[in-house]
Amino acid sequence: MGIHQLMQFLKEKAPNCFRTLMLDYFAGRTIGCDASMAMYQFLIQTQSAGQTQIIELTDKDGNRTGHLVGLFNRTLQFLENGIKPVWVFDGKPPQLKSGELARRKKLKEEAQVKTELALEKGDMQQALLQNQRTTTITSIMKDDAIKMLKLLGCPIIIAPCEAEAQCAELCRAGKIYATATEDMDALTFRTPILLRGFNTKKEPIYEIIYDDMIKELELTYEQFVDLCILCGCDYTEKIEGIGPGTAYKLIKEFKNIEGILEHVQKVNAERVKNNQNPKYTVPSKFLYEDSRELFITPQVQKGEEIQLIWNKPDVDNLKKFLIEEKGFAESRIDNGLKRIAKKDHTGFQSRLENFFGKTTKIIHPNNSKAKGKSNKKNEQPQKSGGKKKL
DNA sequence: GCTCTAACCCCAGACGCG
DNA sequence: CCGCGTCC
DNA sequence: ACGTGGGGTTAGAG
């Protein structure tokens, strides 16, 4: 679950670290995308309720393909807008996450039972909801996605561990402009820029700038990590009775989790003396030190070692794969490829254009339904400063 | 009252035809 | 331009 | 073998 309620906390306590941007702002930029989360969402959202069963997109062998449809469209949307995506996949989750993963697995199993129950009752709406909760990503599905994205010409990174941590490393190394994810722990991994909102065209894209955030909160990085752990992260239980609000106050006052634990013991002891229930409950195994280490020095591949290269799509093999193996309609692939036919996938053209200020308003009729007023914006000649800094 | 937390509910995409 | 069935 | 999140509402505690 990333960091519990961090988004809402930041909106409140650090409102000035946000910017909202339109898609065309990113033309010519490289963006690191969290592949697992995107796949998961596409798989969920391509399910629908039939008369007596749940319908999912699959190939002829029954392998699910909803994530491929989604990633295909999303990638083309990026390329069409001159954005160069690098898809980053999760590797092996850290040991500390196993408890959280077990919890999720159990929830999925319960949802599976509820799905079948709802199907028996004929409650298709409930069946769909529960079936969405059972969604998991198999290694076949992941391999299919990697194969397709490579054939589209995109660089792929399989992170040694958490994708968010790898994106943060790439961003700090200057290999990507920003990390695109809905998962707020990218900030805990210290990504300089986090982007949210690519999942819906209805709203603009939010940019969160790490340096602004940390300044506005008046915390050190280490303190911010402690704050995130106290809010609730994937690696350890949190202290019951402390949410984002009090965690922030306590960090300010006692500097770190060690100091807060001392304070917590005192407060609880005092209350026990007065025959009151303790105010806080510290988990029996509060692994905050290990969690810290996972956030601060995560297992990643060094950014300098990574070369990102975009190629033109391998049209023949892409078609062979998607049509013959995955059951895609040829016309959809052709339509998609037409959208990016004029783009240069090496990224040279878009950088050059960006340098000369030519790409500032590549936006498409498709997207313009978003707000209605956003149309006007595109028409404004954004000529001002001429070329940007380099 | 007001603030905060926790538990529980809901929600999530894109294309293209008519 | 919108609504809704379909995408595989 | 394993994997997403967010918002809203409400009840209850301090």
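In the annotation of an unreviewed UniProt entry, the entry for chain A reads Flap endonuclease 1, and the organism field reads Paramecium primaurelia. If you open the UniProt record of chain A and go to Sequence similarities (unreviewed entry), you find "Belongs to the XPG/RAD2 endonuclease family. FEN1 subfamily."

### So, the protein's contact with DNA strand C
Contacts to DNA strand C come from Glu56, Leu57, Thr58, Thr65, Val69, Lys326, Gly327, Phe328, Ala329 and Arg332. The sugar and phosphate moieties of DNA strand C supply 78% of its atoms located within 4 Å of the protein. Thr65 is positioned with one of its side-chain polar atoms (N or O) 3.0 Å from a sugar or linking oxygen of DNA strand C. Within the contact set of DNA strand C, a phosphate oxygen lies 3.3 Å away from a backbone nitrogen or oxygen of Ala329. The residue inventory of the surface near DNA strand C, partitioned by class, reads four nonpolar, three polar and three charged.

### Remarks on helix α12 (residues 257–273)
Between the first and last C-alpha of α12 there are 24 Å, a value that for 17 residues agrees with the 24 Å anticipated at 1.5 Å per step. Looking at α12, one finds that the buried residues are Ile257, Gly259, Ile260, Leu261, His263, Val264 and Asn268. Those residues of α12 hidden inside the fold are in contact with α10 (221–231), α11 (244–254) and α13 (288–296). Capping of α12 at its N-terminal end is provided by Asn256; its side-chain oxygen lies 3.3 Å from the backbone amide nitrogen of Glu258. Once α12 ends, the next one or two residues include Asn275, with phi positive near 60 degrees.

### Observations concerning the environment of Ile309
Summarising the element assignment, Ile309 is placed in the loop between α13 and α14 (315–325). As for Ile309 and Gly153, which are separated by 156 residues in sequence, their C-alpha atoms are 8.2 Å apart. Residues within four places of Ile309 in sequence aside, it is in contact with Gly153, Cys154 and Pro155.

### What to know about the protein's contact with DNA strand B
As a matter of local geometry, DNA strand B sits amid 20 residues, with Gln45, Asn199, Gly241, Gly243 and Thr246 nearest to it. Between DNA strand B and the protein, one listed contact pairs a phosphate oxygen with a side-chain N or O atom of Thr246 at 2.5 Å. Those elements that provide at least two residues to the surface near DNA strand B are α2 (35–45), α5 (124–133), α11 and α15 (330–340). When its residues are assigned to classes, the surface near DNA strand B shows four nonpolar, 10 polar and six charged.

### A short note on unusual backbone geometry
The backbone phi angle of Gln5 is positive, close to 65 degrees, even though this residue is not glycine. Position of Gln5 among the secondary structure elements: in the segment before α1 (6–13).

### Some thoughts on the nonpolar core
Core analysis: the largest hydrophobic core is formed by 52 residues, its most contacted members being Trp87 and Met148. Broken down by element, the residue count for this core peaks at six residues, all from helix α3 (residues 66–80). Membership of the second largest hydrophobic core comes to 45 residues, among which are Leu194, Tyr235, Ile251 and Phe295.

### Some words on the packing of aromatic side chains
According to the stated counting rule, one finds 13 aromatic pairs in the structure shown. With centroids separated by 5.1 Å and ring planes inclined at 50 degrees, the aromatic side chains of Tyr235 and Phe295 adopt a geometry described as tilted. Of the two residues, Tyr235 is situated in the loop between α10 and α11 and Phe295 in helix α13; the sequence distance between them amounts to 60 residues. Note on Tyr235: relative accessible area 4%, which makes it buried. Given a relative accessible area of 2%, Phe295 falls into the buried group. The ring of Tyr25 carries Arg29 above its face, with NZ or CZ at 4.6 Å from the centroid. A cation sits over an aromatic face here: Arg29 above Tyr177, 4.4 Å from the ring centre.

### Points about the UniProt feature "domain: XPG-I" (unreviewed entry) in chain A
Feature annotation in UniProt places "domain: XPG-I" (unreviewed entry) on residues 150–219, given in this structure's numbering. Secondary structure across residues 150–219 divides into 34% helix and 21% strand, with the first and last C-alpha atoms of the span separated by 41 Å.

### Here we look at the pattern of salt bridges
Taken as a whole and assessed by the stated rule, the structure comprises 15 salt bridges. A salt bridge links Asp234 to Lys97, with the nearest nitrogen and oxygen atoms 3.7 Å apart. Here the residue Asp234 occupies a position in the loop between α10 and α11, and Lys97 occupies one in the loop between β5 (84–89) and α4 (98–121), the gap between them amounting to 137 residues. For the pair shown, Asp234 and Lys97 are each scored as buried. A salt bridge links Glu330 to Lys319; its shortest N-O distance comes to 3.0 Å. A residue pair is termed long-range when its members are at least 10 positions apart, and Glu330 in helix α15 and Lys319 in helix α14 qualify at 11 residues. Among the ionic contacts, a cluster of salt bridges with common partners joins Asp59, Asp144 and Lys326.

Conventions used here
- Residues numbered from 1 in each chain as written.
- Chains lettered and ligands numbered in written order.
- Predicted model: local features only at pLDDT ≥ 70, side-chain atom pairs only at ≥ 80, totals over all residues.
- Heavy atoms only, no water.
- UniProt positions renumbered as here; feature names shortened; annotations may be inferred.
- Near = heavy atom within 4 Å.
- Polar contact = N/O pair within 3.5 Å; in protein donor to acceptor, adjacent residues only side chain to side chain.
- Nonpolar A, V, L, I, M, F, W, Y, C, P; charged D, E, K, R; others polar.
- Helix = DSSP H or I, 4+ residues; strand = E, 2+ residues; numbered from the N terminus.
- Expected span 1.5 Å × (residues − 1).
- Buried < 20%, exposed > 50% of the residue type's maximum accessible area, 1.4 Å probe, protein only.
- Contact = heavy atoms within 4.5 Å.
- Core = buried A, V, L, I, M, F, W, Y, C linked by side-chain atoms within 4.5 Å.
- Phe/Tyr/Trp six-rings, centres within 6.5 Å; stacked < 30°, edge-to-face > 60°.
- Lys NZ or Arg CZ within 6 Å of the ring centre and 35° of its normal.
- Salt bridge = Lys/Arg side-chain N within 4 Å of Asp/Glu carboxyl O.

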